[in-house]
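Structural characterization, general
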Amino acid sequence: MWDWEFTISILPLLLEGLKITLIATFLAFGFAVVIGFLLAIARRSSVKILSLPVKAFIEFVRSTPLLAQLFFIFYVFPKFGLVLTPLVAGVLGLGLHYSTYLSEVYRSGIDSIPRGQWEAAKALNFSKARTWISIIIPQAVPPIIPVMGNYLIGMFKDTPVLSAITLVELLQTAKIIGAQSFRYLEPITMVGVIFLILSYVSSLGVQWLELRLNQR
Amino acid sequence: MPFLLKGVVVTIELTIMAAVLAFIMAFIAGFARLSKFAIVRGITQVYVEIFRGTSLLVQLFWVYFVLPFFGIELSAMMTGVLVLGLNYGAYASEVIRSSILAIPKGQTEAGIALNMSPSLIMKRIILPQALLIMLPPLGNYLIELIKSTALVLLITLHDLMFCGTMINNVTMRTTEIYSLVLIIYFLLAYPLTLAIRRLEKRLSAGRL
Amino acid sequence: MSEIVTETSNNGIQNSEPIVRYQKVSKSFGDIEVIKELDLDVAPAEKIGIIGPSGSGKTTLIRMLMTLEKPTSGTIEVDGELLWHKRVNGNLVPADEKHLRRVRSKVGMIFQQFNLFPHMTVLRNVTEAPIHVLGLSREEAEERAITMLEKVGLKDKLDHYPRQLSGGQQQRVAIARALVMNPKIMLFDEVTSALDPELVEEVLAVIKEIALEGNMTMLLVTHEMQFAREIADRIVFISDGRIIEQGPPEEIFENPKHERTRNFLRRFNKNN
């Protein structure tokens, strides 16, 4: 039933697809890290006209499927003259989707800093920027690193959704192979195996990181 | 629009059936991971790691396109229910396990001191308390599950997402259709989000 | 160390078969041996105050009697029956759950942290076991529960939840909950240690009342020396997993023979 020769022959193609998957994952993650931070700051803002729409945006994005958002970006944006390649649309959609989750992570990280730290900084007459740079961020960041690692893995596992907007990543590669050879067993199973190995190894990495951070 | 509503019904059906399966799987796997038999724990661990490690959409494709090679042919709906249920069951089993472990040991000991049987302790002392801890995280998984039902479109189930795409192909009113699809999903998921937040607040305020 | 039973008849307790008998009981947690080949006989209706430094093994001693910890070696008898073992063809085999539950029904316990069930009202805390373990009807169980709650002075709190009660009240509910099962032997594990100082007295008063009724066997692990002295027939001083010294309260507190007992009591008096 299982054809090893066929499996080996398609492996280079699948690895090519994996390359796109990884590129999309890391670009989207970088995008989410930055946008998520901006969203978190904007949400904390005391300017209501800024914080309220941002809050609504976060709630909306979190409550709707990534797939629907991707379709919206890929098919609706062009109507307004913004034509995107599948990769750009995918990175944008995936990144935006997860930026709302990361903004919550940042928020909880910042909220976990005791009020005394802000007060101490004020008592020492630190500027607002100085307080953030020297007091808040150094304390808020280490505990959220493992959480962000888990979101990175989550994004990696969500990249197959990008195949729906015709990005030829790992799953789409397998589908194309399947359509051409009429053999779905090996390509799709191999995609599963590749995902399992990569996400299992990286989740062990996150656990290790968490342990080390806790020891400090 | 009525066409779209038909899709909503399918989405809700799919969500409910998958959620029930996920709940059952989560309970079985959650308890199995607390088993004193290493082999039971081992098998459950494999189940959980496979479903957590291999991307939901890949699993949908595998069941829909690969299983027929083994003579098992499932409809798109069945595939959706099965895969979503098993997938979310694997994730949620951790919630079940950790909630049960979160109940202080003193509760079990008090049960023993009152000469209760292990099953009575589990049923009347541990579970009622653990269920309260479980509710918010399980609710969050339910929201994720609703969102994930959209993926079943990609194996051509006629759910909300599919109907949206179909109408779009016919009418080309892309902006309206996809906006509407987004809004409907939001209306399905957001009330749940609010309910869970209220629950969480009440729980942390100590009304148990 | 074996002729203890004879020393304990200061309020009319007859020499009779012990209701609890520890024989060469040892207990290890990993590499640490917390109880070392300990022997102890307890007469029916006897009140024993168990004192000793923290980590001496005194809590472990009574937890083994409640079947919360399993002895590493040795045997414990309750009312003439082996607790952790069954005799099969003259050989000792580990007891099964059924056997444990039968023998355990003679023992009750009050915990340092109360361990009330937070999701149940006071009344349900007390009726839960009578209904589901003893098989009483709800009416009967409630009647018994209310009698017990009245005894501990909490009849007006039936519909409260544990979190609405003070520590002292919670501990009194826990006492009612244990009493309603009608055990022959009651174990008290530092029952006032988790209480604010001003709440200690109300709990001790309830325990004293139970002690004065006379017929219940009581083992009290405690740091309340004055209290132990008032209600105990015998004081057992434990250190490093062994019984160092035991005897009537006056003797132990006024005239301890052993160096370690003297040190312990001296340090204790200094701190209080």
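In what follows, the accompanying structure is described.

Calculation rules
- Residues numbered from 1 in each chain as written.
- Chains lettered and ligands numbered in written order.
- Predicted model: local features only at pLDDT ≥ 70, side-chain atom pairs only at ≥ 80, totals over all residues.
- Heavy atoms only, no water.
- Helix = DSSP H or I, 4+ residues; strand = E, 2+ residues; numbered from the N terminus.
- Buried < 20%, exposed > 50% of the residue type's maximum accessible area, 1.4 Å probe, protein only.
- Polar contact = N/O pair within 3.5 Å; in protein donor to acceptor, adjacent residues only side chain to side chain.
- Contact = heavy atoms within 4.5 Å.
- Salt bridge = Lys/Arg side-chain N within 4 Å of Asp/Glu carboxyl O.
- Core = buried A, V, L, I, M, F, W, Y, C linked by side-chain atoms within 4.5 Å.
- Buried area = accessible area lost by both parts, 1.4 Å probe.
- Nonpolar A, V, L, I, M, F, W, Y, C, P; charged D, E, K, R; others polar.
- Pairing = 2+ DSSP bridges.

Looking now at the side chain of C:Ser239. Residues and elements named next belong to chain C. Assignment of secondary structure puts Ser239 in strand S11 (residues 234-239). When its relative accessible area of 8% is taken as the criterion, Ser239 is described as buried. Polar contacts involving the side chain of Ser239 include one to the side chain of Arg260, which spans 3.2 Å. Setting aside chain neighbours within four positions, we find Ser239 in contact with Pro53, Ser56, Ile244 and Arg260.

Applying the stated criterion across every chain yields a total of 33 salt bridges over all chains. Note that B:Arg97 and B:Glu94 form a salt bridge whose closest N and O atoms lie 3.3 Å from each other. In this pair, B:Arg97 and B:Glu94 are both assigned in helix H4 (residues 76-102), 3 residues apart and thus about one turn of the helix distant. A residue is classified by how much of its surface remains accessible, and B:Glu94, at 25% relative accessible area, is partly exposed. What emerges from the salt-bridge pattern is a single network uniting C:Asp79, C:Glu81, C:Arg102, C:Lys106 and C:Lys184.

What follows is about the nonpolar core. Formed by 95 residues in total, the largest nonpolar core has its most connected members in C:Leu65, C:Leu149 and C:Ile207. Not counting chain neighbours up to four residues away, the residues in contact with C:Leu149 comprise C:Val122, C:Leu123, C:Val126, C:Leu154, C:Lys155, C:Leu158, C:Val173 and C:Ala176. Core analysis: the next-biggest nonpolar cluster, separate from the first, contains 83 residues, A:Leu14, A:Leu67, A:Tyr106 and A:Ile194 among them.

Counting from both sides, the interface comprises 37 residues of chain A and, opposite them, 37 residues of chain B. Counting each side, the surface lost to burial between chain A and chain B is near 3,200 Å², with a carbon and sulfur contribution of 76%. At the surface where chain A touches chain B, the tally comes to 1 salt bridge. Taking the shortest distance from any N to any O, the salt bridge between B:Arg197 and A:Glu59 comes out at 2.8 Å. Where chain A packs against chain B, one counts 11 residue pairs in polar contact (both at pLDDT 80 or more). Every element with two or more residues in the side of chain A that touches chain B is listed here: helix H2 (48-63), helix H3 (66-76), helix H4 (86-111), helix H7 (170-181) and helix H8 (185-215) of chain A. Per-element tally for the side of chain A that touches chain B: the top contributor is H8(A), with 9 residues. The residue makeup of the side of chain A that touches chain B, split by class, is 23 nonpolar, 8 polar and 6 charged.

On a regular strand, each side chain points to the face opposite its neighbour's, so the side chains alternate between the two faces of the sheet. Residues and elements named next belong to chain C. Of all 5 residues in strand S9 (residues 185-189), 5 are buried, a share of seventy percent or more. Because side chains alternate across S9, one face comprises the buried residues Ile185, Leu187 and Asp189, and the other comprises Met186 and Phe188, equally buried. In the sheet, strand S8 (residues 107-110) pairs with S9 via 4 bridges, with the strands oriented parallel. Residue pairing in the sheet places Met109 in a bridge with Leu187 of S9. Examined bridge by bridge, S9 and strand S10 (residues 217-221) share 5 bridges and lie parallel to one another. By the bridge assignment, Leu187 is partnered in S10 with Leu219.

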